[in-house]
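# Fold and contact review
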Amino acid sequence: MSSFKFLRSTFALQLCSRGFSTEAATATFQPTKVAVRTSQSDPTNHTQDDVGKLYTMPKGVKDKLFPKYVLPLYFERLCDTFHETNILVRQPAIELIDYLKRADYNRPIIRYVIYGKYGCGKTLTLIHAMNYAYNNNFIIVYVPSVWRWFHWSREVVTAERDPAIIDLPLDASTWLKQFDLTNAELISKLDLRLSKTQEWSPREKTVEGSSLNELVLFGMNRVKYACQVIDVLLNELKNYARQNSCKVFAAIDGFNGFFQTTSRLKTPERVRLVPSNVSLTHSFRSFIKNDWNNGAAVLVADDHATVKGHYKSHLPFHLLQKTGVESIDPFIPINVPVYSPLEFQNYLDYLEEKRWLQKPEGRDEIDFITQRNPRLVNTYCANR
């Protein structure tokens, strides 16, 4: 026992001789920084004073607007890790929400095009605007990724009603499930009903006066007719918006994917699929025409929604091409740049607060390597 005490005292002396004082130990454990948050969780109340601050999207809103596998994968994982959905309030989102507030909804819809370099936060700007629309009782028509339809579609079939048209029934049914989750409650509250009977087959029809929720449910259960149901649903929403019975918010991520001349899919005849021949393309391109009022269309032009290597510019005129630009002209462009120094530092404070950033002294290094690109900041910090 005496030998153990001797060894312990000897080890303590060695620590002291190497400079392990209480002051040094205290200096090692510095308090972590705390990110600046806005007290306003409703985007309706966000102003210029909130730019650079974080706001938390309520879990109930997030689950209704963005079910699993809808958000970008890296952001979904971050939300799961931190058990909260925090979004940085940025200037492009404030600008877009201000436009939406000041718009005259008695006039034809205004089309807004969000653009920017890859990873700068175009989708999160759209998400911020969708939260505003949801809180202000808009019916949300949201396409999370046009690119997925023409690259990862699970079923490609020739439409029986027209051999020149291609249907993506499984993707259409999945979209209807997402639409139902987001809007079923509001549609019931507004009591929106089918204006005329729709016959799907000699034995199946949805009668006039049925709730639009019943129409959506039919498309979810009868996958074969899901694409036709979407077309009818979008036309009904436009008609109700014209009658001032509801407000509609169209949000399409990767909108320029509708105007590509090729895709990675093949038709049942083993011919490369052209997006313009797909029924969903016709439905959504027709939907965002400005021939109705009481709504808005926010579109994202994304260089990753194109066939790889076809376009090297992130500008909307390059991505949408002549046909795409003419289909939505006039529109309001909204550029999403990289983080400002204020946004960058506050976001790193947030990562440090969550213990995601383990080496806070390397901020200049992160700034230099990522050039404050939001996607690269997240990727780099996750690997440090």
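Refer to the structure above for everything that follows.
The paragraphs below set out a description of the structure included in this document. Note that the structure is a prediction, hence the values are computed from the model and not measured.

### Quick look at empty space enclosed by the protein
This structure, assessed with the given rule, holds four cavities of 30 Å³ or more. If you trace the largest cavity, you find 17 residues lining it, with Ile87, Leu88, Arg90, Leu124 and Tyr339 closest to the centre. For the lining of the largest cavity, the secondary-structure elements that each account for two or more residues are helix H4 (73-82), strand S2 (85-88), helix H6 (122-135) and helix H15 (374-382). Across the lining of the largest cavity, the residue classes tally to 11 nonpolar, five polar and one charged.

### So, the environment of Ile332
Within the secondary structure, Ile332 sits in strand S11 (residues 331-335). Given a relative accessible area of 24%, Ile332 falls into the partly exposed group. For the pair Ile332 and Lys289, spaced 43 residues apart in the sequence, the C-alpha separation amounts to 14 Å. Apart from residues lying up to four places away in sequence, Ile332 is in contact with Tyr99, Ile110, Arg111, Tyr112 and Val113.

### Some points on H15
Pro374, Val377, Asn378 and Cys381 are the residues of H15 that are buried. Seen end-on, H15 carries its buried residues on one side only, within an arc spanning 95°. Considering only its buried residues, H15 is in contact with H4, helix H13 (341-353) and helix H14 (363-370). One side-chain oxygen at the N-terminal end of H15 lies 3.1 Å from the backbone nitrogen of Arg375; it belongs to Asn373.

### A word on the layout of surface pockets
There is about 940 Å³ of room inside the largest pocket. If one sorts the elements of the lining of the largest pocket by residue count, H4 sits on top with five residues. Of the residues that constitute the lining of the largest pocket, the class distribution is 15 nonpolar, eight polar and 12 charged. What lines the second largest pocket is a set of 14 residues, and nearest its centre among them are Arg148, Trp149, Arg154, Asp171 and Thr174. Mapped onto the lining of the second largest pocket, the elements with two or more residues apiece are helix H7 (146-149) and helix H8 (169-190).

### A look at the packing of aromatic side chains
Geometrically, a pair of aromatic rings is defined through the distance of the ring centres and the angle of the planes. With the rule as written, the count across this model stands at 23 aromatic pairs. Taken together, a centroid distance of 4.8 Å and an interplanar angle of 80° make the contact between Trp147 and Trp152 edge-to-face. Taken together, a centroid distance of 6.0 Å and an interplanar angle of 20° make the contact between Phe218 and Tyr225 stacked. Among the residues examined, Phe218 registers a relative accessible area of 15% and is labelled buried.

### Describing unusual backbone geometry
With an omega of 0°, the peptide bond between Asp329 and Pro330 qualifies as cis. Of note, Pro330 is situated in the loop between helix H12 (316-328) and S11. Even without a glycine there, the phi angle at Asn244 is positive, about 60°. Along the polypeptide, Asn244 turns up in the loop between helix H10 (226-242) and strand S9 (247-253). The backbone phi angle of Arg372 is positive, close to 65°, even though this residue is not glycine. Along the polypeptide, Arg372 turns up in the loop between H14 and H15. A relative accessible area of 22% means that Arg372 is categorised as partly exposed.

Cut-offs and rules
Residues numbered from 1 in each chain as written. Predicted model: local features only at pLDDT ≥ 70, side-chain atom pairs only at ≥ 80, totals over all residues. Heavy atoms only, no water. 1 Å grid on protein atoms, 1.4 Å probe; cavity = no way out; pocket = protein on both sides within 12 Å on 5 of 7 lines; lining within 4 Å. Points joined across faces, edges and corners; volume = space filled by probe spheres on them. Helix = DSSP H or I, 4+ residues; strand = E, 2+ residues; numbered from the N terminus. Nonpolar A, V, L, I, M, F, W, Y, C, P; charged D, E, K, R; others polar. Buried < 20%, exposed > 50% of the residue type's maximum accessible area, 1.4 Å probe, protein only. Contact = heavy atoms within 4.5 Å. Arc of directions from axis to C-beta. Polar contact = N/O pair within 3.5 Å; in protein donor to acceptor, adjacent residues only side chain to side chain. Phe/Tyr/Trp six-rings, centres within 6.5 Å; stacked < 30°, edge-to-face > 60°.

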